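The primary structure of each chain is shown beneath.
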Amino acid sequence: MSENAASLHRKGTLLVIAAAICWSLGGLIARQITADPWVIVAWRGSIAAVALLLFLLIRDGRQTWSHFRNMGPGGIGVGICFATASISFVIALQHATVALILVVQSTAPLMAGLLAWAWMREKLGWPRIIAMAVALGGIALMFSKAEGHTDATGTILSVVIAVAFAIATVLTRRYSHVRMTPATCLGTALMGVIGFVLAGFETLHISSSDLFYLFLFGAVQLAIGLILFTTGARLIPAAEAALISLVETVLGAFWVFLFLGENPGIYALYGGALVLAAVAGNTLYDQRRAARQPLNVA
């Protein structure tokens, strides 16, 4: 039983790490798109929804529709959270740098851990609390001398992203017996509808180059990332899932520095090392703990 628990925990950890890598490409891809923000929201959401639906149909066949019917309040909540976070991210990019959005978003692990403790009585434990503090301190160090700035709109939307992501993380763990991929499909579809309504006929005027990057933005960066995250997050504690996702912050800053020349400064090296050390240390700790006790996954 303990061996099975450790195996499930390891699988969940790897899936969430893979999701973080996918999501880290978001800022880099978005910077290549010249279309109006609401046009981006419309196409990104629609493309992601189609990709997720195809995945579900291939995986579950006729049972796909029953999964949508059985989502319940948890699934609907996750869908709304991901739609909110995704829309906020696209709009925030018009008001802030990628690095500054990610540093605010990185507060999600602390929020998720506190929410899970308050609602589910999921223990944080001193090792995880210390890891969170080190990780958040590392990210603060990374961008303490970062170039660029953000306005009030960018800051508020970045906070919205963090809150939505934290709630989605806890809901995914709380309703671990519910398949959350249909919920994320619902969320991306909602995102697409909102985008098309607000963009109107502008959605028809899009270049082939933008369409290519929107495909990557929707089908690869968003849809595949959601599939990986919702599958992995149900197998590990909510605070840990959110903590591991901080890898997105480190890599996201690295991609825009490497390809766009957005230099967060020398502090990025030290801060990035702290974040990775915190994630690695916390993951090793939880893997050992999972090996000593059974993991109850419905």
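Bear in mind that the values here come from a model prediction, so they are computed numbers and not experimental data. (Residues numbered from 1 in each chain as written. Predicted model: local features only at pLDDT ≥ 70, side-chain atom pairs only at ≥ 80, totals over all residues. Heavy atoms only, no water.)

### Quick notes on the overall build of the chain
Then step 1. From N to C terminus, the chain includes 14 helices and zero strands.
Then step 2. Traced from its N-terminal end to its C-terminal end, the chain shows the element sequence α-α-α-α-α-α-α-α-α-α-α-α-α-α.
Then step 3. With the C-alpha coordinates of the chain rotated into their principal frame, the extents come out at 55 × 55 × 30 Å.
Then step 4. Residues counted as buried form 53% of the 298 residues belonging to the chain.
Then step 5. Counting every atom, the chain has about 13,200 Å² of accessible surface; 68% of that belongs to carbon and sulfur. (Helix = DSSP H or I, 4+ residues; strand = E, 2+ residues; numbered from the N terminus. Buried < 20%, exposed > 50% of the residue type's maximum accessible area, 1.4 Å probe, protein only. Areas by Shrake-Rupley, 256 points an atom, 1.4 Å probe, with all protein chains shown as cover.)

### Concerning empty space enclosed by the protein
Then step 1. What the rule picks out here adds up to three cavities of 30 Å³ or more.
Then step 2. Lining the largest cavity are 13 residues, and of these Trp23, Ala85, Ser86, Gln105 and Glu248 lie nearest its centre.
Then step 3. Elements with a contribution of two residues or more to the lining of the largest cavity: helix H5 (72–92), helix H9 (152–174) and helix H11 (208–232).
Then step 4. A per-element tally of the lining of the largest cavity places H5 first, with four residues.
Then step 5. When its residues are assigned to classes, the lining of the largest cavity shows eight nonpolar, three polar and two charged.
Then step 6. If you add up the space inside the second largest cavity, you get close to 60 Å³.
Then step 7. Every residue lining the second largest cavity is listed: Gln105, Ser106, Ala108, Pro109, Phe165, Ala242, Ser245, Leu246, Glu248 and Thr249. (1 Å grid on protein atoms, 1.4 Å probe; cavity = no way out; pocket = protein on both sides within 12 Å on 5 of 7 lines; lining within 4 Å. Points joined across faces, edges and corners; volume = space filled by probe spheres on them. Nonpolar A, V, L, I, M, F, W, Y, C, P; charged D, E, K, R; others polar.)

### Describing the packing of H5 against H11
Then step 1. At a minimum axis distance of 13 Å, the contact between H5 and H11 shows a crossing angle of 145°. Relative to H11, the crossing made by H5 is right-handed. Facing Phe82, Ser86, Phe89 and Val90 of H5, the residues of H11 in contact are Phe217, Leu222, Leu226, Phe229 and Thr230.
Then step 2. Partitioned by chemical class, the residues of the contact of H5 with H11 number seven nonpolar, two polar and no charged. (Axes fitted to C-alpha atoms, helices over the stretch in contact; angles between N-to-C directions. Left-handed = near helix turned anticlockwise from the far one by under 90°. Contact = heavy atoms within 4.5 Å.)

### Overview of the nonpolar core
Then step 1. Ile40, Phe82, Ile101, Phe217, Phe229 and Val275 are the most contacted members of the largest nonpolar core, which has 79 residues in total.
Then step 2. Among all residues touching Ile101, those that are not within four sequence positions of it are Phe89, Ala92, Leu93, Ala96, Ser158 and Ile161. (Core = buried A, V, L, I, M, F, W, Y, C linked by side-chain atoms within 4.5 Å.)

### Some details on the packing of helix H6 (residues 98–105) against helix H13 (residues 247–260)
Then step 1. For the pair H6 and H13, the least separation of the axes is 9 Å and the interaxial angle reads 175°. With respect to each other, H6 and H13 are oriented roughly antiparallel. From H6, Val98, Leu102 and Gln105 reach across to H13, where they touch Glu248, Thr249, Gly252, Ala253 and Val256.
Then step 2. Of the residues contributing to the contact of H6 with H13, the split by class is four nonpolar, three polar and one charged. (Parallel < 35°, antiparallel > 145°, perpendicular 65-115°, else oblique.)

### Brief notes about H13
Then step 1. Compared with the 20 Å implied by 1.5 Å per residue over 14 residues, the 19 Å span of H13 between its first and last C-alpha is a close match.
Then step 2. Just beyond H13, the residue with positive phi is Gly261, at close to 75°. (Expected span 1.5 Å × (residues − 1).)

### Examining the environment of Ala242
Then step 1. Along the chain, Ala242 turns up in helix H12 (residues 238–244).
Then step 2. With 73 residues separating them along the chain, Ala242 and Thr169 place their C-alpha atoms 6.8 Å apart.
Then step 3. In contact with Ala242, other than residues within four places in its own chain, are Ala108, Pro109, Ala112, Phe165 and Thr169.

### Points about the pattern of salt bridges
Then step 1. Tallying each qualifying case throughout the model produces one salt bridge.
Then step 2. Here Asp60 ties to Arg59 by a salt bridge, and the two come within 2.9 Å at their closest N and O atoms.
Then step 3. Since its relative accessible area comes to 34%, Arg59 is described here as partly exposed. (Salt bridge = Lys/Arg side-chain N within 4 Å of Asp/Glu carboxyl O.)

### Quick notes on the confidence of the model for the chain
Detailed reading of the predicted coordinates is not advisable wherever pLDDT falls low.
Then step 1. Residues of the chain with pLDDT of at least 70 account for 91%, and the chain-wide mean is 84.
Then step 2. Mean pLDDT per element in the chain: H12 is the minimum at 74, and helix H3 (residues 37–60) is the maximum at 95. (pLDDT = per-residue confidence, 0-100.)

### Section: the packing of aromatic side chains
Then step 1. Summed over all chains, the structure comprises 10 aromatic pairs.
Then step 2. Taking 5.8 Å as the distance between ring centres and 85° as the angle between the ring planes, the aromatic pair formed by Trp23 and Phe165 counts as edge-to-face. On the criterion of sequence distance, the pair formed by Trp23 in helix H1 (residues 2–23) and Phe165 in helix H9 is long-range, its members being 142 residues apart. Neither residue differs from the other here; Trp23 and Phe165 are each classed as buried.
Then step 3. Ring geometry for Trp23 and Phe229: centres 5.3 Å apart, planes at 45°, overall tilted. Taken together, the positions of Trp23 in helix H1 and Phe229 in helix H11 put the pair 206 residues apart, joining distant regions of the chain. (Phe/Tyr/Trp six-rings, centres within 6.5 Å; stacked < 30°, edge-to-face > 60°.)

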